[in-house]
Structure formats: C-alpha cells, structure tokens
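# A structural walkthrough
Single-letter residue listing:
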Amino acid sequence: MLIFEGLESYGLLVLRIFLGIIFVYHGIPKLRMSGAMGKGMGFPSGSVFILGLVEFLSGLALILGLYAEIGALLVGLVMLGALWHKIFKWNIPFSAMDKMGWEFDLILLGVAVAILLLGSGAFSLDALFGVWP
C-alpha cells in the first residue's frame, strides 16, 4: 500500500522492541530463581541460568538494535529448543484451554527469523554506529 511505503524500518523497530521485551521479561526470573525454575522445567539450575542470560542479553540487543541479528539468532535457537521440548518431550498440544500450547513459541520463532533475515533496520544502534551492514 502506498500509504505505508517507506515505513519498513518502523516495522522492524516495533518487532525488535516487542520481541526484546518478551525475552527480557522471561529471562529475569531465570536469572533470579534458576534453581526453582530448573526444578519445574526438569533442567539443572546452571542451564536455566545460562538460558536466562541468553534471553536477557539477546532481548536487550533486540531492543537497542545492537547486534540485533545475533540476538535474533540466539532467541530463535532458544525457541527451537522450547518447541522441541514442548512438542516431543512434554507432549504439549499446539493450543489448549487449560495450559499454554506451543503456538506462542512458534510466533516468537517467526519474529526472530524475520529480524534475522531483514536486519535491525535504520532505527538501531547498529545503523547509528555502522556496526552491522
């Protein structure tokens, strides 16, 4: 549509910020309560802490647009792991009324892949500092 022509970088900014907020939000509890979360997930607390660190730092990278493609790659890998566990290990359905299915994980993976392929856009620290092509 002609009315939205030239607004692609605004779209990337919105995607980056929203995805980044989600991962910062989900990374903080893993950093603060890795032991308790590890028990609930069936993972060692050290693994949960590393996962939280990756989520938190990748989320910040996405929000700031600093090495955003690397942040998107890392959160994409996190989401692939989450999808694998939910589908094959925990047998969680795509969608359910009594629990969160894996549809949320799938859309987060899609957004991460879009940012990975499209880049961080003009409104990013990458563009400002010329860090990334």
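Everything here concerns the structure above.
Quick notes on the rules
Residues numbered from 1 in each chain as written. Predicted model: local features only at pLDDT ≥ 70, side-chain atom pairs only at ≥ 80, totals over all residues. Heavy atoms only, no water. Helix = DSSP H or I, 4+ residues; strand = E, 2+ residues; numbered from the N terminus. Buried < 20%, exposed > 50% of the residue type's maximum accessible area, 1.4 Å probe, protein only. Contact = heavy atoms within 4.5 Å. Areas by Shrake-Rupley, 256 points an atom, 1.4 Å probe, with all protein chains shown as cover. Lys, Arg positive; Asp, Glu negative; His and termini not counted. Charge placed at Lys NZ, Arg CZ, Asp CG, Glu CD. 1 Å grid on protein atoms, 1.4 Å probe; cavity = no way out; pocket = protein on both sides within 12 Å on 5 of 7 lines; lining within 4 Å. Points joined across faces, edges and corners; volume = space filled by probe spheres on them. Nonpolar A, V, L, I, M, F, W, Y, C, P; charged D, E, K, R; others polar. Core = buried A, V, L, I, M, F, W, Y, C linked by side-chain atoms within 4.5 Å.

### Digging into the overall build of the protein chain
- A count of helices and strands for the protein chain gives six helices and zero strands.
- Tracing the protein chain from N to C terminus, the helices and strands come up as α-α-α-α-α-α.
- The dimensions of the protein chain, computed from C-alpha atoms along their principal axes, are 50 × 30 × 20 Å.
- Across the 133 residues in the protein chain, those meeting the buried criterion constitute 32%.
- Sequence-distant contacts, at least 24 apart, represent 63% of the contacts inside the protein chain between residues at least 6 apart.
- Counting every atom, the protein chain has about 8,100 Å² of accessible surface; 75% of that belongs to carbon and sulfur.
- Taken as two groups, the 7 positive and 8 negative side-chain charges of the protein chain have centres that lie 17 Å from each other.

### Observations regarding the side chain of Ser34
- Considering the arrangement of structural elements, one finds Ser34 in helix H2 (residues 34-41).
- On the basis of relative accessible area, Ser34 is assigned to the buried category, the value being 14%.
- Leave out the neighbours within four places in its chain, and Ser34 touches Pro29, Ser45, Val48 and Phe49.

### Some remarks on the layout of surface pockets
- Roughly 580 Å³ of internal volume is contained in the largest pocket.
- Lys30, Met41, Leu51, Glu55 and Ala82 are the residues nearest the centre of the largest pocket, which is lined by 25 residues in total.
- Of all the secondary structure elements, the ones that give two or more residues to the lining of the largest pocket are helix H1 (8-32), H2, helix H3 (45-64), helix H4 (68-89) and helix H5 (103-118).
- Classifying every residue of the lining of the largest pocket gives 16 nonpolar, five polar and four charged.

### Some details on the nonpolar core
- Among the nonpolar cores identified, the biggest contains 15 residues, and Leu19, Phe23, Leu62, Val75, Met79, Leu108 and Ile115 are the most heavily contacted of them.
- The element contributing the most residues to this core is H4, with six residues.
- Setting aside residues up to four positions removed in sequence, Leu108 forms contacts with Leu19, Ile22, Phe23 and Met79.

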